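Next come the chains, spelled out residue by residue.
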Amino acid sequence: MLAALRESRADEGHKERVKPFVGLFRGHLARVNSITPKMPLVYLWQRWGVGMERIVYLANARLPTEKAHGYQICKMCEAFADLGVKVRLLHPRRHNPLEGKSVFEYYGVRPVFEVQTLPNWDVVPLSRWVPDGWFAPVFFLHAFLWARYAVGKAAREKADLYYTREAPIAFWLVRQGLPTVYEAHVVPKRGQRWLLRLISLHPALRLVVALAGTIKEELVKMGFRRDRVVVIPHGIDLSHFEKVPSRERCRHRLNLPLGRPIIGYIGRFRAVGLEKGIPELINAMKYLPSMNGAEPLLLCVGGPMDAVPAYFDLARRIGVPEHRLRFVDRVPNTEVPCWIRACDVIVLPLSPAYMEKIGAMPLKLFEYMAAGVPILATDLPSIREVLRHGENAWLIPPGDPKALAEGIRHLLENPELARRLAERARGDVQKYTWKHRAETILRLVGNT
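Residues numbered from 1 in each chain as written. Predicted model: local features only at pLDDT ≥ 70, side-chain atom pairs only at ≥ 80, totals over all residues. Heavy atoms only, no water.

A closer look at the pattern of salt bridges
This is how the line gets drawn: Any Lys or Arg side-chain nitrogen found within 4 Å of a carboxyl oxygen on Asp or Glu counts as a salt bridge. Numbering goes from the N terminus for both helices and strands, where a helix is a DSSP run of H or I of at least four residues and a strand is a run of E of at least two. Burial status follows relative accessibility: with a 1.4 Å probe on protein chains alone, a residue under 20% of its type maximum counts as buried, one over 50% as exposed, and anything between as partly exposed.
Tallied over the entire structure, the rule returns 29 salt bridges. When the shortest N-O distance is used, the salt bridge between Glu 78 and Lys 75 registers 2.6 Å. Taken together, the positions of Glu 78 and Lys 75, both in helix H3 (residues 68-82) and three residues apart, correspond to about one turn of that helix. Like Lys 75, Glu 78 is buried. For Asp 237, the salt bridge identified is with Lys 75, shortest N-O distance 2.7 Å. You can see Asp 237 sitting in the loop between strand E7 (229-231) and helix H9 (247-254) and its partner Lys 75 sitting in helix H3, a full 162 residues away along the chain. Neither Asp 237 nor Lys 75 differs from the other in exposure class; each is buried. Through salt bridges that share partners, Lys 75, Glu 78, Asp 82, Arg 110 and Asp 237 make up one connected network.

Details of helix H15 (residues 401-413)
Definition in use: Multiply 1.5 Å by the residue count of a helix minus one, and that product is the helix's expected span. Throughout, a residue-residue contact means that at least one pair of heavy atoms, one from each residue, lies within 4.5 Å. Throughout this description, a polar contact denotes any pair of N or O atoms lying within 3.5 Å of each other; where both atoms belong to protein, one of them has to be capable of donating a hydrogen while the other can accept it, and for residues adjacent in sequence the pair is counted only when both atoms sit in side chains.
With 13 residues, H15 should cover 18 Å at 1.5 Å per step; its first-to-last C-alpha distance of 18 Å lies within 8% of that length. All of the buried residues along H15 are Ala 403, Leu 404, Ala 405, Gly 407, Ile 408, Leu 411 and Leu 412. The elements touched by buried residues of H15 are strand E8 (262-266), helix H10 (278-285), strand E13 (345-348), strand E14 (375-378), strand E15 (394-396) and helix H16 (415-428). At the N-terminal boundary of H15, the capping side chain belongs to Asp 400, with an oxygen 3.2 Å from the backbone nitrogen of Lys 402.

A short note on H3
For H3, which comprises 15 residues, the first-to-last C-alpha distance of 21 Å matches the rise-based estimate of 21 Å (1.5 Å per residue) to within 8%. When you tally the buried positions in H3, you get twelve out of 15 residues, the bulk of the element. Among the residues making up H3, those that are buried are Gly 70, Tyr 71, Gln 72, Ile 73, Cys 74, Lys 75, Met 76, Cys 77, Glu 78, Ala 79, Phe 80 and Ala 81. Remark: Gly 84 follows H3 within two positions and exhibits a positive phi of approximately 90°.

Some remarks on the side chain of His 185
Positionally, His 185 belongs in the loop between strand E5 (180-184) and helix H7 (190-199). Judged by relative accessible area, which is 12%, His 185 ranks as buried. At a separation of 3.2 Å, a polar atom in the side chain of His 185 contacts the side chain of Arg 165. At a separation of 2.6 Å, a polar atom in the side chain of His 185 contacts the side chain of Glu 183.

In structure tokens, the structure reads:
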């Protein structure tokens, strides 16, 4: 009993001696919790300079999808994985006409990251019966609730970083105190704007990646710290463009005419309910004369093909012969370089209305630059962040078919100018690789 009493008193003495240190630790922990509630330990490790090991990418998207955002998501996952980071991509189960195809097969990306499909009640089919004014809030509410569920699943991964393009997912990640990078592809509207404002100054939001300077300025106006928002455009996989055959060989392979000047548009014909310039191109063909006895051909590749009857109807109404037009559905990403290389001029005729809704420059712009074909594009603010008139592209006023036709004719009649623009664009695109993009993001996250 005496021995037990002495041991008890010794323990009490030890407790008295360590009490100040316990108080100090609790005080420090309280301060940390007050700043970063529920912050995982890996976040604190990163703050103190420990390397990145695991990234979870959350995407509320149908995968694979024929739209460009699916390809961009998977190329970023591949790029992070190539830097030695273990990457897991989480996305919802949705009705998918591409069912049975993996993202690796469909996009031609290497299987260096994991893909997990999470349960989901797919509300997208409701859009066929529900008016747009009603469906938009239903879709937003569903996205908000699914994001809460997905973040709960993702938190169990104990990742060093969580990455997303969706505002509801970013909101729940940050509210959970998980170290987050939010990639902004558009200027947020309505509910998304409200959610992002709530997390704009939270320390768990490690970085915001804006695809264009115009998007960054809008985010700063919303309350985001300027030094936490960085402009990093899309990337490009230059390996797809290293061994592309000559223009003539590409035309032979794709069964395209060898003796006609080809004006190309490679990309989706429509997006977010808006045209991406095909009607303007058809109108421009009305003003393009034959050159050296050969009629020009407008080649549009990317689909959807259900839009094509309306394009042919437009051509008939304005007097453009059908043999001047050719439309091709979506082709595999690995075949895109050959389709671009087959063209004499490649065109990006986007409208102000489309760019106002999208905000960021399209992914195909960088593919155009890498292919070594002269680029004709509409002169818009976000486009000018990458393209410069008379240096690496020829820019024309938007919404003007006559100016579009004149720009095409100018490049076709001035091959030395066209060659110089194409070479400069190909040199400029070297800094826009997916690897460089991923390296920049991780470096900036490590510095925050």
